[in-house]
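# Per-entry structural report
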Amino acid sequence: MNFDKQVDARGLNCPLPILRAKKALAEMQSGQVLQVLATDPGSAKDFAAFARQTGNELLDQKTLADQSYEFFLRRK
């Protein structure tokens, strides 16, 4: 998937991946896509809740081969 900006939050625990994503989204234009890479096992639930609460769209999430997680968020 194409994205406009990337946040590498691998190795960081909650709430840092969400905070980094929030900061990056604040710097982006409406409709742009953010890719987030994370290793925190709780990040799947965290990003789903974050998207619901903020109105940003969670386009996709997946577990990668190295057991990290990839999320794509579209800025509202």
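For the structure, see preceding data.
First things first, this report covers the structure right here in the doc. (Residues numbered from 1 in each chain as written. Predicted model: local features only at pLDDT ≥ 70, side-chain atom pairs only at ≥ 80, totals over all residues. Heavy atoms only, no water.)

## Details of helix 2 (residues 43–54)
At 3.6 residues per turn, the α-helix brings residues three or four places apart onto the same side. We apply this condition: Comment: elements are numbered from the N terminus, with helices defined as DSSP H or I runs of at least four residues and strands as E runs of at least two. Expected helix span is taken as 1.5 Å per residue step, with the number of steps being one fewer than the number of residues. Relative accessibility thresholds used throughout: buried, under 20% of the residue-type maximum; exposed, over 50%; partly exposed, between the two (1.4 Å probe, protein chains only).
Its twelve residues give helix 2 an end-to-end C-alpha distance of 16 Å, which sits within 8% of 16 Å, the value for a rise of 1.5 Å per residue. Among the residues making up helix 2, those that are buried are Ser43, Phe47, Ala49, Phe50 and Ala51. Count one or two residues on from helix 2 and you reach Gly55, which has phi positive near 85°.

## Topic: the nonpolar core
For the record, the criterion: The set of buried Ala, Val, Leu, Ile, Met, Phe, Trp, Tyr and Cys residues whose side-chain atoms join them within 4.5 Å is what this entry labels a nonpolar core. Only heavy atoms matter for contacts: two residues are in contact if any of them lie within 4.5 Å across the pair.
Counting 17 residues, the largest nonpolar core has Leu34, Val36, Phe47 and Leu73 as the members making the most contacts within it. Broken down by secondary-structure element, the contributors of at least two residues to this core are strand 1 (5–9), helix 1 (16–26), strand 2 (33–38), helix 2 and strand 4 (69–74). With four residues, helix 1 is the largest single contributor of residues to this core. With sequence-adjacent residues up to four places away left out, Phe47 is seen in contact with Pro17, Ile18, Ala21, Val36, Leu58, Phe71 and Leu73.

## A look at empty space enclosed by the protein
This is how the line gets drawn: Any residue with an atom within 4 Å of a point lines the site, the site being either a cavity, points on a 1 Å grid over the protein atoms alone where a 1.4 Å probe fits but cannot get out, or a pocket, an open set with protein on both sides within 12 Å along at least 5 of 7 lines. Grid points are joined across faces, edges and corners, and a volume is the space filled by probe spheres set on the points. Residues are grouped as follows: nonpolar covers Ala, Val, Leu, Ile, Met, Phe, Trp, Tyr, Cys and Pro; charged covers Asp, Glu, Lys and Arg; every other residue, Gly included, is treated as polar.
All told, the structure shown has one cavity of 30 Å³ or more when counted by the stated rule. Lining the largest cavity we find Cys14, Pro15, Pro17, Ile18, Asp40, Ser43, Asp46 and Phe47. Listed by contribution, the elements that provide at least two residues to the lining of the largest cavity are helix 1 and helix 2. By residue number, the principal contributor to the lining of the largest cavity is helix 2, which donates three residues. When grouped by side-chain class, the residues that make up the lining of the largest cavity number five nonpolar, one polar and two charged.

## Let's talk about helix 1
Worth spelling out the cut-off: The directions considered for the arc run from the helix axis to the C-beta atoms.
The complete set of buried residues in helix 1 reads Pro17, Ile18, Ala21, Ala24 and Leu25. Looking down the long axis of helix 1, one finds its buried residues gathered within 130° of arc, a one-sided arrangement. Opposite the buried face of helix 1, by more than 90 degrees, sit the exposed residues Lys22, Lys23 and Ala26. Residues of helix 1 that are buried in the fold lie against strand 1, strand 2, helix 2 and strand 4.

## What about the packing of aromatic side chains?
As a reminder of what qualifies: Only the six-membered ring of Trp is used, alongside the rings of Phe and Tyr, when aromatic pairs are assigned; centres must lie within 6.5 Å, and planes under 30 degrees apart are stacked while those over 60 apart are edge-to-face, with the rest tilted.
Counting across every chain of the model gives three aromatic pairs. Each ring, one from Phe3 and one from Phe72, has its centre 6.2 Å from the other, and the planes form 45°; the classification is tilted. Of this pair, Phe3 sits in the segment before strand 1 while Phe72 sits in strand 4, and the two are 69 residues apart along the sequence. For Phe3, a relative accessible area of 37% puts it in the partly exposed group. Between Phe47 and Phe50 the ring centres are 6.4 Å apart and the planes differ by 80°, which places this aromatic pair in the edge-to-face class. Highlighted residues: Phe47 and Phe50, both in helix 2, separated by three residues, approximately one helical turn. Comparing Phe47 with Phe50 shows no difference in burial state: the two are buried. Among the aromatic residues, those joined into a ring-pair cluster are Phe47, Phe50 and Phe71.

Shape is all these values report; function is a separate question.
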